[in-house]
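# Examining the three-dimensional arrangement
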Amino acid sequence: MIRLDHVTKVFNPGRPNEYAALHGVSLDIEAGKVTVLRGPSGSGKTTLLSLIGCMARPSSGRIFVEEREITSLPERFLADIRRRTFGFVFQSFNLVSGLSVLENVVLPAAPLGEPPAVVRRQARAILDRLRLGPKAAQSVELLSGGEKQRAAIARALINSPRLIIADEPTAQLDSELSLELMAIVGDLKAEGRTCLIASHDSLVFRHPVVDRVVAVRDGRIVEAGADVC
Amino acid sequence: MRWLARQRAFLDFTLLSLWRRKGKNAALILAYALVVFLVASVMFAVRALRTEAANVLAGTPELIVQRMLAGRHETVPESYVATVKAIRGVSRVTPRLWGYYFNRAAGATYTVMAPAGFAHGHGEIVVGPGVARTWLSPVDGQYLFRTVAGDSAGFVPVEALPEDTELVSGDLILMSGADFRRVFGLPEGFYTDLAVSVPNERELETVTEKIQRALPDTRPIQRRELLRTYAAVFDWRGGYVIVLLSGAGLAFFIFAWDRATGLSAEERREIGVLKALGWDTADVLSMKLWEGLTISLTAFLLGLIAAYVHVFLAGAGLFAQALKGWSVLAPRLDLTPAIDPTELLSLFFLTVAPYAVITLIPAWRAATTDPDAVMRG
Amino acid sequence: MSVKPAVLALLLTAGLVCLTLAAAAVQGLLIRRGFDLASGSPRQLALERRTYLVSTALSLVMAFEIMSLFLLVYVADDLHELFVGAMCAAGTFNVNSYGYTALTLKTLGALGCGVWLAVNHADTLGYDYPLLKSKYLWLSPLSLLVILADYVETRFLLGLAPDQITSCCGAIFSEAAAGVAGTLSHVPPRLAQALFVAGLLAVARSAAHVLATGRGARIFAAASAALFAASLIAVVSFISVFWYELPTHHCPFCLIQAEYGFVGYPLYAGLILGTACGLAVGALAGAGRHASLAEVLPRLKRRLTVAALAGFGLTAAIAAWPMIFSDFRLG
């Protein structure tokens, strides 16, 4: 589904604070599987996720999303691919405070221009599935950690993405909630969606639902293709 | 359809965002509305004064002939009437009697006129609303005038002029011709000036020229010129008040610029989240556009309504002196509401256009936040 | 000059527009010179972001130009009593030699901005910025045109000294007058009507061709430009006359006054919309050769064509309205 071909990413090139986050990474991510990028913080996992998620462009190398090269697409096309193909769950949830759960969930749908009523109906269905239905009208600040995480997942699902990208999704959850999250990942996989998770939490990369673990260190892939199950 | 639904979604989000930051936005809108209010007040007042003056002048003759002596206004001998009347195109010549009377007790100057067909008798006068309000010491219901001979003459007010044209008729006193001559010592056979009717507007220029040729010591004044002068004077005053107000406007726009560039960390993070969720730069720009429009239109309407109340219901208290500035009496100003689209469009350009240009670059800067900034924490 | 709120508003707007456009044109040149889509460097990213700034600035400028065009006419109308002999906007524009030039240049500038924005929109539809070089190349002359228009407008406004003698619209747009305006009024109504109808037919026919085959865009643009000219003649020659129900009153400005139900606004707005969209279709005629636009361009062209037809249709409807529903007949 996603193919990276000798991708490098250099931040602040030509400046004193120049720093290379990725060195010639090649990687294939299979559709319908759960892949975990494992590595310590600063290893380049997040940079890899943002390149795959069409949020940034590589300094060199090529990236293909569903056989389409996205390497040098203008921003608006990247944004369009991003919202139609990917659903994002961020490390710190990144819910917009002051808005209700439902209002947060419909945010990614705004640029698609679907009728508001349809979007809201879909959002409610997703929230019901994630047991957040009764909290739909509540402001997100009033949610517990687990509820926030589920709201973030609901928001990632609103545009029916084929690939879910999650960055350290368990960083702010206890073990019980982390397992609950992995159960949801299992459900998503069962629906045929692809999941890509960056994590250094053993609860995540040892979980049975994970198909493949890729170890990342110092901007290089050190252990690709090893199936851990 | 898709486009509309998209814009609606952006607008929804914008309204929610504005509402979330009520306090901050209310301060901005109030300051903005104040600027709109100040400019709109001036424009409304100027328009109303112009309308007022035009209404008043509509009843005056097309042409007034004054006699000049050493560059000063002199009385016109009766013989001039026939001379002017003989000119082709002139339908009627009315000699007029009018002047100014200074009342020491009230400390005010009044306009005194003796209209040709004065309906009341000897010793009776008709007064304007401003006169009735300010004449301090009517004795036995009589207004006492000091005549040129040094004695005093009492007049009974028998009628008050209507209030609707107060700006010009407020300080007006009407009396009979004989009384007028007695108070001011004007000999018989002399008049203040001549009112000339020229029904065909195209002949006005020719008639004016002919009068000047036949009576070289006169100065004919056309009504059109008076109208023009009033309009120019009021516009000129309004324009300068607005130029003076531009300081306030500048202060506001600097404040708005500061607000727009000093995006809080929270707002910046929020835009980063939106972009990470799939909003494009253009989408965020649309949202910012809606935000600017909402703020501008709210402030615009608030300022406009406040200015309307201020000018037409409260008599333009803030600017009345600066804009009228011609009468010692300072008549109470009850302006007739008059608004026209030019004014609204000008007001829009004077207030909303600078705001739009000022917030353009900050909005663009906010919209081009890196989407992966959120990922990098 | 006349220190009047509306004049101040126009001067301020002209200043803002010139500032914005000058900045946008410079940015455009910088983008054009440094643009390299293949590069993933931060510089390239920054340039791509700047394209958004330029597009937004140009949209703002166009909105301001169109609105200030109407304000200019309004101001001229409002100021007429300051000038001996002027009875409406037509007289004020005649007070100094800048008046009609400003009006013409501003109209052209607004049309130019419209065409540029359409090309800009087409460019954003392609994934490799196919029209970037040419659109920023054209941005400089367009900016110069609009800045010139605003300069002339400013000279016109600053040169408005009261008490100047001018002619009223009856004299300017009358059959006896010499000059362009007089000549326009002198066009026999039958001929003007024929030109107008011929223009409409040409536009409709070429539009049908564009809609059906996607070709003939340049012919459609030419027909639109011709109809624009024919419409201006038509307004002076017979549309105004029918609306005023006065065979000798040819003034094109009195139409936007309240006495005639502000009918001038939709009339001219439709005309500007139709002409800008029509010209835009022509400007995009050659853009189809870019592979990235091959798929999306026909749709955009069709939309622009339909928008142009809607604009011209509105103008035609307003022109026909009094001819059908009023009892007034020419001669």
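Being a predicted model, the structure only gives us computed values, none of them experimental.

### A word on the overall build of chain A
Helix and strand counts for chain A come out as seven helices and 10 strands. Projected onto the principal axes, the alpha-carbon positions of chain A cover approximately 50 × 40 × 35 Å. The buried share of chain A, reckoned over its 229 residues, is 48%. For chain A, restricting intrachain contacts to residue pairs at least 6 apart in sequence, the fraction spanning at least 24 positions comes to 69%.

### Observations concerning the overall build of chain B
Each helix and strand counted, chain B has 12 helices and 12 strands in total. A compact globule built from 377 residues should have a C-alpha radius of gyration of about 21 Å, whereas chain B, at 31 Å, is more than 25% larger. Taking the principal axes of its C-alpha atoms as reference, chain B extends roughly 100 × 50 × 40 Å. Counting over 377 residues, chain B shows a buried share of 40%.

### A look at the nonpolar core
Counting residues in each nonpolar core, the largest one holds 237 residues, and the members touching the most others are A:Val105, B:Val36, B:Val39, C:Val61, C:Ala280 and C:Val281. Element by element, the count of residues in this core is highest for helix H2 (residues 42-79) of chain C, at 19 residues. When residues no more than four places from it in sequence are discounted, the contact partners of C:Ala280 are C:Gly114, C:Val115, C:Ala118, C:Val119 and C:Leu304. Within the second largest apolar cluster, 30 residues are counted, among which are B:Leu63, B:Val76, B:Tyr143 and B:Val196.

### Comments concerning the domain arrangement of chain B
Partitioning chain B into domains gives domain 1 (2-56 + 228-373) and domain 2 (62-222). The gap between the C-alpha centroids of domain 1 of chain B and domain 2 of chain B is 47 Å.

### Digging into the interface of chain A and chain C
The partner chain C presents nine residues to the 10 residues of chain A that form the contact. Class assignment of the residues belonging to the side of chain A that touches chain C gives a composition of five nonpolar, two polar and three charged.

### Considerations on unusual backbone geometry
Even without glycine at this site, A:His6 takes up a positive phi of about 45°. Accessibility expressed as a C-beta count within 10 Å gives 13 for A:His6, which makes it partly exposed. Positive phi is not limited to glycine here, since C:Tyr129 has a value of about 50°.

### Points about the interface of chain C and chain B
Taken together, the 27 residues of chain C in the interface contact 28 residues of chain B. Within the residue set of the side of chain C that touches chain B, elements represented by two or more residues are helix H1 (5-34) and H2 of chain C. Looking at which element gives the most residues to the side of chain C that touches chain B, the answer is H2(C), with 13 residues. Split into classes, the residues belonging to the side of chain C that touches chain B amount to 18 nonpolar, five polar and four charged.

### Structural notes on the environment of B:Arg88
Residues and elements named next belong to chain B. Its location among the elements puts Arg88 in the loop between helix H3 (79-85) and strand S4 (92-103). A residue is classified by how many C-beta atoms lie within 10 Å of it, and Arg88, with 8 of them, is exposed. Here the alpha-carbon distance between Arg88 and Glu203, two residues 115 residues apart in the chain, equals 9.0 Å.

### Notes on the pairing of strand S6 (residues 86-89) of chain A
All names here are of chain A. Of the two faces of S6, the one holding Phe86 and Phe88 and the one holding Gly87 and Val89 are both buried throughout. Alignment of S6 against strand S7 (residues 163-167), held across four bridges, turns out to be parallel. Looking at the pairing, Phe86 lines up with Leu163 of S7.

### A word on the packing of H2(C) against helix H4 (residues 98-125) of chain C
Residue and element names in this part refer to chain C. Two elements in contact, H2 and H4, have axes separated by 9 Å at closest approach and are oriented at 150°. Comparing their axes, H4 and H2 come out roughly antiparallel. Between H2 and H4 lies a crossing whose hand is left-handed. Counted together, Ser55, Leu58, Ser59, Val61, Met62, Glu65, Ile66, Leu69 and Leu72 of H2 and Leu103, Lys106, Thr107, Gly109, Ala110, Cys113, Gly114, Trp116, Leu117 and Asn120 of H4 form the full contact between these two elements. Among the residues forming the contact of H2 with H4, the class breakdown is 11 nonpolar, six polar and two charged.

### Overview of helix H8 (residues 189-213) of chain C
Taking 1.5 Å of rise per residue, 25 residues should cover 36 Å, and H8(C) covers 36 Å from first to last C-alpha, within 8% of that figure. Considering only its buried residues, H8(C) is in contact with helix H9 (217-244), helix H10 (264-283) and helix H11 (297-325) of chain C.

### Some details on the packing of H8(C) against H11(C)
All names here are of chain C. Axis separation between H8 and H11 bottoms out at 10 Å; the angle between their running directions is 160°. Between H8 and H11, the interaxial angle falls into the category roughly antiparallel. Helix-helix and strand crossings are classified by hand; for H8 and H11 the assignment is left-handed. Judged by residue contacts, Phe196, Leu200, Val203, Ala207, Val210 and Leu211 of H8 engage Lys301, Arg302, Thr305, Ala308, Leu309, Phe312, Ala316 and Ala319 from H11. Across the contact of H8 with H11, the residue classes tally to 11 nonpolar, one polar and two charged.

### Considering the confidence of the model for chain B
Residue and element names in this part refer to chain B. Looking at chain B, the pLDDT average stands at 82 and 90% of residues meet or exceed 70. Of the regions scoring below 50 in pLDDT, residues 326-332 engages in 15 contacts with residues more than four places distant in sequence or in other chains. Across the interfaces of the predicted complex, the ipTM metric reaches 0.90, alongside a pTM of 0.81.

### Considering the pairing of strand S7 (residues 143-146) of chain B
All names here are of chain B. Of the two faces of S7, the one holding Tyr143 and Phe145 is buried and the one holding Leu144 and Arg146 is not buried anywhere. In this structure, S7 lies alongside strand S8 (residues 152-160), joined through four bridges in antiparallel fashion. Bridge assignment links Leu144 to a residue of S8, and that residue is Gly154. The antiparallel hairpin formed by S7 and S8 contains five residues in its connecting segment, where Gly150 sits at a positive phi of about 105°.

Cut-offs applied
Residues numbered from 1 in each chain as written. Chains lettered and ligands numbered in written order. Predicted model: local features only at pLDDT ≥ 70, side-chain atom pairs only at ≥ 80, totals over all residues. Helix = DSSP H or I, 4+ residues; strand = E, 2+ residues; numbered from the N terminus. Buried ≥ 20, exposed ≤ 12 C-beta atoms within 10 Å, placed from the backbone. Contact = placed C-beta atoms within 7 Å. Rg over C-alpha atoms; globule rule 2.2 N^0.38 Å. Core = buried A, V, L, I, M, F, W, Y, C linked by C-beta atoms within 7 Å. Domains from an automatic or database assignment. Nonpolar A, V, L, I, M, F, W, Y, C, P; charged D, E, K, R; others polar. Pairing = 2+ DSSP bridges. Axes fitted to C-alpha atoms, helices over the stretch in contact; angles between N-to-C directions. Parallel < 35°, antiparallel > 145°, perpendicular 65-115°, else oblique. Left-handed = near helix turned anticlockwise from the far one by under 90°. Expected span 1.5 Å × (residues − 1). pLDDT = per-residue confidence, 0-100.

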